[in-house]
Amino acid sequence: DVKLRLKGDWVDHLRGNKWSFRVSLKTGQAWEGLTTFSLQTPQARDFLNEFVFHKLLEKVDVLTTSYTFVWLKINQISYGIYALEEHFEKQLVESRKRREGPILKFSEDALWKMRQREFLDKCRFIDNDITMNAADIEAFGMSKVQKSPVLNREFRIAQNLMAQLRDRKKEAGEVLDVDRVMRYFAISDLCRTYHNFIWHNQRWYYNPITQKLEPIGYDGDTGGGMKYKMKMKTIAEGGGSLPPMVWRLLINDRNFQQNVNCLKEYTSEGWLNAFFEENEPEIRHWERLIAKEFPGYTYDKAEFLENASLVRKRA
(Lines give C-alpha, C1' and ligand atoms only; values in the text may rest on other atoms or scores of the structure.)
Protein backbone atom coordinates (compact mmCIF):
# COMPACT_ATOMS: atom_id res chain seq x y z
CA ASP A 1 0.00 0.00 0.00
CA VAL A 2 2.10 2.87 -1.36
CA LYS A 3 1.97 6.21 -3.10
CA LEU A 4 2.85 5.63 -6.76
CA ARG A 5 3.45 7.92 -9.73
CA LEU A 6 4.92 7.69 -13.20
CA LYS A 7 8.62 8.56 -13.39
CA GLY A 8 10.93 9.84 -16.12
CA ASP A 9 11.51 12.91 -18.28
CA TRP A 10 10.99 11.24 -21.67
CA VAL A 11 8.41 8.84 -23.11
CA ASP A 12 10.92 5.98 -23.31
CA HIS A 13 9.84 5.42 -19.67
CA LEU A 14 6.30 4.67 -20.92
CA ARG A 15 6.97 2.23 -23.77
CA GLY A 16 5.08 -1.08 -23.80
CA ASN A 17 4.05 -2.32 -20.37
CA LYS A 18 7.41 -1.63 -18.67
CA TRP A 19 6.49 1.78 -17.32
CA SER A 20 8.76 3.54 -14.84
CA PHE A 21 7.50 4.38 -11.35
CA ARG A 22 8.44 6.45 -8.31
CA VAL A 23 7.33 4.70 -5.12
CA SER A 24 6.87 6.41 -1.74
CA LEU A 25 6.03 4.43 1.38
CA LYS A 26 3.87 5.81 4.13
CA THR A 27 5.42 7.48 7.16
CA GLY A 28 6.97 4.92 9.47
CA GLN A 29 7.27 2.28 6.74
CA ALA A 30 10.32 1.15 4.76
CA TRP A 31 11.35 -1.57 2.33
CA GLU A 32 14.93 -2.84 2.70
CA GLY A 33 15.65 0.39 4.58
CA LEU A 34 14.29 2.59 1.77
CA THR A 35 11.27 4.88 2.01
CA THR A 36 11.31 6.26 -1.56
CA PHE A 37 12.72 4.59 -4.69
CA SER A 38 12.36 4.31 -8.46
CA LEU A 39 11.47 1.27 -10.53
CA GLN A 40 12.32 1.02 -14.23
CA THR A 41 13.15 -1.52 -16.88
CA PRO A 42 16.81 -2.65 -16.66
CA GLN A 43 17.09 -1.70 -20.32
CA ALA A 44 16.68 2.01 -19.45
CA ARG A 45 20.10 2.01 -17.76
CA ASP A 46 21.95 -0.44 -20.01
CA PHE A 47 21.25 -3.51 -17.86
CA LEU A 48 24.22 -4.56 -15.69
CA ASN A 49 26.56 -1.80 -16.84
CA GLU A 50 24.76 0.58 -14.49
CA PHE A 51 24.88 -1.97 -11.66
CA VAL A 52 28.67 -2.36 -12.05
CA PHE A 53 29.06 1.45 -12.12
CA HIS A 54 27.32 1.70 -8.73
CA LYS A 55 29.40 -1.13 -7.26
CA LEU A 56 32.62 0.53 -8.36
CA LEU A 57 31.60 3.85 -6.79
CA GLU A 58 30.83 2.03 -3.53
CA LYS A 59 34.27 0.40 -3.64
CA VAL A 60 36.07 3.77 -3.81
CA ASP A 61 33.76 5.42 -1.22
CA VAL A 62 32.02 7.83 -3.58
CA LEU A 63 28.37 8.37 -2.72
CA THR A 64 25.87 6.59 -4.94
CA THR A 65 22.29 5.42 -4.77
CA SER A 66 21.50 1.82 -3.84
CA TYR A 67 20.84 -0.08 -7.06
CA THR A 68 19.50 -3.62 -7.41
CA PHE A 69 16.91 -5.70 -9.26
CA VAL A 70 13.48 -6.99 -8.24
CA TRP A 71 10.67 -9.00 -9.79
CA LEU A 72 7.71 -6.60 -9.81
CA LYS A 73 4.06 -7.38 -9.26
CA ILE A 74 1.37 -4.69 -9.08
CA ASN A 75 -2.00 -5.88 -7.74
CA GLN A 76 -0.89 -9.48 -8.40
CA ILE A 77 -0.02 -8.79 -12.06
CA SER A 78 3.60 -9.57 -12.93
CA TYR A 79 5.59 -6.94 -14.82
CA GLY A 80 8.84 -8.90 -14.91
CA ILE A 81 12.26 -7.80 -13.76
CA TYR A 82 12.87 -4.15 -12.82
CA ALA A 83 15.85 -2.10 -11.71
CA LEU A 84 15.25 -0.54 -8.30
CA GLU A 85 17.09 2.66 -7.41
CA GLU A 86 17.12 4.57 -4.14
CA HIS A 87 15.86 8.17 -4.08
CA PHE A 88 17.79 11.11 -2.59
CA GLU A 89 17.01 10.98 1.13
CA LYS A 90 19.01 10.87 4.34
CA GLN A 91 19.32 7.05 4.23
CA LEU A 92 21.58 7.43 1.19
CA VAL A 93 24.28 9.29 3.11
CA GLU A 94 23.75 7.76 6.57
CA SER A 95 24.11 4.21 5.22
CA ARG A 96 27.51 5.25 3.86
CA LYS A 97 28.78 6.64 7.16
CA ARG A 98 28.06 10.30 6.44
CA ARG A 99 26.08 12.59 8.71
CA GLU A 100 22.69 13.78 7.47
CA GLY A 101 23.05 16.86 5.31
CA PRO A 102 21.21 18.47 2.38
CA ILE A 103 21.36 16.94 -1.11
CA LEU A 104 21.29 19.61 -3.79
CA LYS A 105 20.54 19.91 -7.49
CA PHE A 106 19.92 22.59 -10.13
CA SER A 107 16.24 23.18 -10.84
CA GLU A 108 15.15 21.93 -14.27
CA ASP A 109 12.08 24.18 -14.51
CA ALA A 110 13.61 26.71 -16.91
CA LEU A 111 15.17 23.91 -19.01
CA TRP A 112 11.85 22.16 -19.60
CA LYS A 113 10.07 25.43 -20.39
CA MET A 114 12.77 26.08 -22.99
CA ARG A 115 12.38 22.59 -24.46
CA GLN A 116 8.60 23.00 -24.59
CA ARG A 117 9.01 26.25 -26.52
CA GLU A 118 11.50 24.59 -28.87
CA PHE A 119 9.05 21.78 -29.54
CA LEU A 120 5.98 23.98 -30.01
CA ASP A 121 7.69 26.72 -32.04
CA LYS A 122 10.00 24.34 -33.92
CA CYS A 123 13.03 26.47 -33.15
CA ARG A 124 16.32 26.27 -31.30
CA PHE A 125 16.78 28.41 -28.20
CA ILE A 126 19.67 29.16 -25.87
CA ASP A 127 22.24 26.52 -24.97
CA ASN A 128 22.08 24.45 -21.81
CA ASP A 129 24.97 26.24 -20.06
CA ILE A 130 23.04 29.49 -20.10
CA THR A 131 20.01 27.68 -18.68
CA MET A 132 22.21 26.29 -15.89
CA ASN A 133 23.48 29.75 -15.03
CA ALA A 134 19.90 30.90 -14.48
CA ALA A 135 18.74 27.80 -12.61
CA ASP A 136 17.73 27.89 -8.96
CA ILE A 137 19.68 25.63 -6.60
CA GLU A 138 17.32 23.39 -4.63
CA ALA A 139 17.47 20.67 -1.99
CA PHE A 140 15.62 17.37 -2.06
CA GLY A 141 12.88 17.21 0.57
CA MET A 142 12.72 20.99 0.73
CA SER A 143 9.74 21.07 3.13
CA LYS A 144 11.66 18.96 5.65
CA VAL A 145 14.79 21.08 5.21
CA GLN A 146 12.86 24.29 5.88
CA LYS A 147 11.34 22.88 9.08
CA SER A 148 14.76 21.97 10.52
CA PRO A 149 16.88 24.93 11.71
CA VAL A 150 20.06 22.84 11.32
CA LEU A 151 19.30 21.49 7.82
CA ASN A 152 18.02 24.85 6.64
CA ARG A 153 21.22 26.59 7.76
CA GLU A 154 23.36 23.91 6.09
CA PHE A 155 21.32 24.17 2.91
CA ARG A 156 21.86 27.95 2.72
CA ILE A 157 25.62 27.43 3.12
CA ALA A 158 25.69 24.70 0.45
CA GLN A 159 23.47 26.68 -1.91
CA ASN A 160 25.85 29.63 -1.64
CA LEU A 161 28.89 27.42 -2.29
CA MET A 162 27.32 25.90 -5.42
CA ALA A 163 26.33 29.31 -6.72
CA GLN A 164 29.81 30.73 -6.12
CA LEU A 165 31.41 27.80 -7.94
CA ARG A 166 29.01 28.10 -10.87
CA ASP A 167 29.55 31.86 -11.07
CA ARG A 168 33.35 31.46 -10.84
CA LYS A 169 33.62 33.31 -7.54
CA LYS A 170 35.32 30.39 -5.75
CA GLU A 171 37.85 27.81 -6.81
CA ALA A 172 36.72 24.21 -6.95
CA GLY A 173 39.02 23.17 -4.10
CA GLU A 174 37.28 25.62 -1.77
CA VAL A 175 33.87 24.09 -2.49
CA LEU A 176 34.28 20.44 -3.48
CA ASP A 177 35.75 17.33 -1.86
CA VAL A 178 38.44 17.11 -4.54
CA ASP A 179 39.62 13.60 -3.60
CA ARG A 180 36.17 12.11 -4.08
CA VAL A 181 35.47 14.10 -7.24
CA MET A 182 38.67 12.72 -8.77
CA ARG A 183 37.71 9.16 -7.83
CA TYR A 184 34.33 9.83 -9.39
CA PHE A 185 35.97 11.06 -12.61
CA ALA A 186 38.17 7.96 -12.77
CA ILE A 187 35.29 5.50 -12.28
CA SER A 188 33.25 7.38 -14.88
CA ASP A 189 36.10 7.03 -17.40
CA LEU A 190 36.41 3.37 -16.51
CA CYS A 191 32.67 2.78 -17.12
CA ARG A 192 32.15 5.47 -19.79
CA THR A 193 29.24 6.83 -17.77
CA TYR A 194 29.06 10.54 -18.54
CA HIS A 195 25.29 11.08 -18.62
CA ASN A 196 25.10 12.28 -15.03
CA PHE A 197 27.69 15.02 -15.64
CA ILE A 198 25.01 16.97 -17.52
CA TRP A 199 24.24 19.90 -15.24
CA HIS A 200 20.61 19.05 -14.54
CA ASN A 201 21.55 15.44 -13.69
CA GLN A 202 24.18 16.44 -11.12
CA ARG A 203 23.52 15.67 -7.44
CA TRP A 204 25.68 17.05 -4.63
CA TYR A 205 25.72 16.22 -0.91
CA TYR A 206 26.85 18.90 1.52
CA ASN A 207 28.95 17.23 4.19
CA PRO A 208 28.47 19.27 7.39
CA ILE A 209 31.68 17.82 8.86
CA THR A 210 34.07 18.70 6.01
CA GLN A 211 31.91 21.64 4.85
CA LYS A 212 32.50 20.52 1.26
CA LEU A 213 30.24 19.20 -1.51
CA GLU A 214 30.55 15.54 -2.54
CA PRO A 215 29.28 14.15 -5.87
CA ILE A 216 26.55 11.50 -5.86
CA GLY A 217 26.93 9.09 -8.77
CA TYR A 218 23.80 7.77 -10.45
CA ASP A 219 22.18 7.45 -13.89
CA GLY A 220 25.45 6.76 -15.68
CA ASP A 221 23.62 5.25 -18.71
CA THR A 222 26.28 4.39 -21.30
CA GLY A 223 23.73 5.42 -23.96
CA GLY A 224 24.65 3.33 -27.01
CA GLY A 225 26.81 0.88 -25.12
CA MET A 226 30.43 0.68 -24.10
CA LYS A 227 31.68 0.22 -27.69
CA TYR A 228 30.07 3.47 -28.77
CA LYS A 229 31.43 5.43 -25.82
CA MET A 230 34.94 4.02 -26.28
CA LYS A 231 35.25 6.28 -29.33
CA MET A 232 34.99 9.35 -27.09
CA LYS A 233 37.82 11.10 -25.34
CA THR A 234 38.15 10.35 -21.63
CA ILE A 235 37.86 13.07 -18.99
CA ALA A 236 41.64 12.94 -18.58
CA GLU A 237 41.94 13.74 -22.31
CA GLY A 238 39.51 16.65 -22.17
CA GLY A 239 36.33 14.74 -23.05
CA GLY A 240 33.49 13.23 -21.07
CA SER A 241 31.05 16.12 -21.72
CA LEU A 242 31.88 17.86 -18.44
CA PRO A 243 30.02 21.11 -17.74
CA PRO A 244 32.02 24.32 -17.05
CA MET A 245 31.62 24.20 -13.25
CA VAL A 246 33.28 20.77 -13.13
CA TRP A 247 35.90 21.49 -15.77
CA ARG A 248 37.44 24.04 -13.41
CA LEU A 249 38.81 21.19 -11.32
CA LEU A 250 41.03 20.03 -14.16
CA ILE A 251 42.68 23.41 -14.68
CA ASN A 252 44.83 22.81 -11.61
CA ASP A 253 47.79 20.58 -12.53
CA ARG A 254 47.96 18.91 -9.11
CA ASN A 255 44.31 17.90 -9.27
CA PHE A 256 44.67 16.69 -12.83
CA GLN A 257 47.62 14.49 -11.86
CA GLN A 258 45.53 13.10 -9.01
CA ASN A 259 42.88 12.06 -11.53
CA VAL A 260 45.50 10.30 -13.66
CA ASN A 261 46.81 8.46 -10.58
CA CYS A 262 43.28 7.22 -9.82
CA LEU A 263 42.87 6.08 -13.42
CA LYS A 264 46.10 4.09 -13.32
CA GLU A 265 45.06 2.37 -10.10
CA TYR A 266 41.45 1.59 -11.03
CA THR A 267 42.29 0.28 -14.50
CA SER A 268 45.11 -2.00 -13.34
CA GLU A 269 44.58 -5.72 -13.83
CA GLY A 270 45.09 -6.50 -10.14
CA TRP A 271 42.55 -3.92 -8.95
CA LEU A 272 39.91 -5.01 -11.47
CA ASN A 273 40.47 -8.72 -10.86
CA ALA A 274 39.89 -8.17 -7.15
CA PHE A 275 36.70 -6.22 -7.90
CA PHE A 276 35.25 -8.90 -10.16
CA GLU A 277 36.27 -11.72 -7.84
CA GLU A 278 34.26 -10.03 -5.10
CA ASN A 279 31.22 -9.17 -7.25
CA GLU A 280 31.12 -11.90 -9.93
CA PRO A 281 28.60 -14.15 -8.09
CA GLU A 282 26.07 -11.31 -7.75
CA ILE A 283 26.65 -10.13 -11.34
CA ARG A 284 26.03 -13.63 -12.71
CA HIS A 285 22.95 -14.05 -10.46
CA TRP A 286 21.31 -10.94 -11.90
CA GLU A 287 22.48 -11.84 -15.40
CA ARG A 288 20.54 -15.11 -15.23
CA LEU A 289 17.38 -13.37 -13.98
CA ILE A 290 17.57 -10.61 -16.61
CA ALA A 291 18.05 -13.24 -19.34
CA LYS A 292 14.70 -14.85 -18.36
CA GLU A 293 12.93 -11.76 -19.68
CA PHE A 294 15.56 -10.60 -22.18
CA PRO A 295 16.71 -13.87 -23.83
CA GLY A 296 20.34 -13.98 -24.86
CA TYR A 297 21.42 -11.16 -22.57
CA THR A 298 24.91 -11.54 -21.09
CA TYR A 299 27.13 -9.11 -19.24
CA ASP A 300 30.25 -8.62 -21.36
CA LYS A 301 33.11 -8.30 -18.88
CA ALA A 302 35.61 -8.61 -21.74
CA GLU A 303 34.28 -5.39 -23.29
CA PHE A 304 34.64 -3.66 -19.93
CA LEU A 305 38.22 -4.88 -19.53
CA GLU A 306 39.03 -3.81 -23.10
CA ASN A 307 37.91 -0.29 -22.25
CA ALA A 308 39.94 -0.38 -19.01
CA SER A 309 43.03 -1.30 -21.00
CA LEU A 310 42.35 1.53 -23.47
CA VAL A 311 41.90 4.09 -20.67
CA ARG A 312 45.04 2.85 -18.91
CA LYS A 313 47.12 3.36 -22.07
CA ARG A 314 45.80 6.88 -22.48
CA ALA A 315 46.26 7.91 -18.83
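Residues numbered from 1 in each chain as written. Predicted model: local features only at pLDDT ≥ 70, side-chain atom pairs only at ≥ 80, totals over all residues. Heavy atoms only, no water.

By the definition in use, this model includes 15 aromatic pairs. The interplanar angle of 45 degrees and the centroid separation of 5.9 Å between the aromatic rings of Phe-51 and Phe-69 together place this pair among those described as tilted. You can see Phe-51 sitting in helix 1 (residues 48-59) and its partner Phe-69 sitting in strand 4 (residues 67-74), a full 18 residues away along the chain. Measuring from ring centre to ring centre gives 4.7 Å for Tyr-266 and Trp-271, while their planes differ by 35 degrees; the resulting arrangement is tilted. A residue is classified by how much of its surface remains accessible, and Tyr-266, at 5% relative accessible area, is buried. Residue Trp-271 is classed as buried on the basis of its relative accessible area, which comes to 14%. Every member of this aromatic cluster is reached through a ring pair, and the members are Phe-51, Tyr-67, Phe-69 and Trp-286. (Phe/Tyr/Trp six-rings, centres within 6.5 Å; stacked < 30°, edge-to-face > 60°. Helix = DSSP H or I, 4+ residues; strand = E, 2+ residues; numbered from the N terminus. Buried < 20%, exposed > 50% of the residue type's maximum accessible area, 1.4 Å probe, protein only.)

Contact geometry of helix 8 (residues 178-191) with helix 13 (residues 301-314) gives a least axis separation of 8 Å together with a crossing angle of 125 degrees. Taken together, the axes of helix 8 and helix 13 are oblique relative to one another. Contacts from Asp-189, Leu-190 and Cys-191 of helix 8 reach helix 13 at Phe-304, Asn-307, Ala-308 and Val-311. Looking at the contact of helix 8 with helix 13, its residues break down into five nonpolar, one polar and one charged. (Axes fitted to C-alpha atoms, helices over the stretch in contact; angles between N-to-C directions. Parallel < 35°, antiparallel > 145°, perpendicular 65-115°, else oblique. Contact = heavy atoms within 4.5 Å. Nonpolar A, V, L, I, M, F, W, Y, C, P; charged D, E, K, R; others polar.)

Attention shifts here to the nonpolar core. If you look at the biggest cluster of nonpolar residues, it comprises 70 residues, and the most contacted ones within it are Leu-48, Leu-56, Phe-69, Phe-185, Ile-187, Leu-190 and Phe-304. The dominant element in this core, judged by the number of residues it contributes, is helix 8, at nine residues. (Core = buried A, V, L, I, M, F, W, Y, C linked by side-chain atoms within 4.5 Å.)

Taken in spatial order, the four strands of this open sheet run 7-6-8-9, and their pairing is antiparallel. At either margin of the open sheet sits one strand with a lone partner, and together these are strand 7 (137-139) and strand 9 (212-215). Strand-to-strand twist across the sheet, computed as the mean angle between neighbouring axes with direction ignored, equals 35 degrees. Of the strand pairs in this sheet, strand 8 (residues 204-207) and strand 9 are connected by four bridges, and their pairing is antiparallel. Opposite Tyr-206, over in strand 9, you have Leu-213 as the bridge partner. The sheet strands contacting helix 6 (residues 149-166) are strand 6 (103-106), strand 7, strand 8 and strand 9, and the helix crosses strand 7 at an angle near 150 degrees. (Pairing = 2+ DSSP bridges.)

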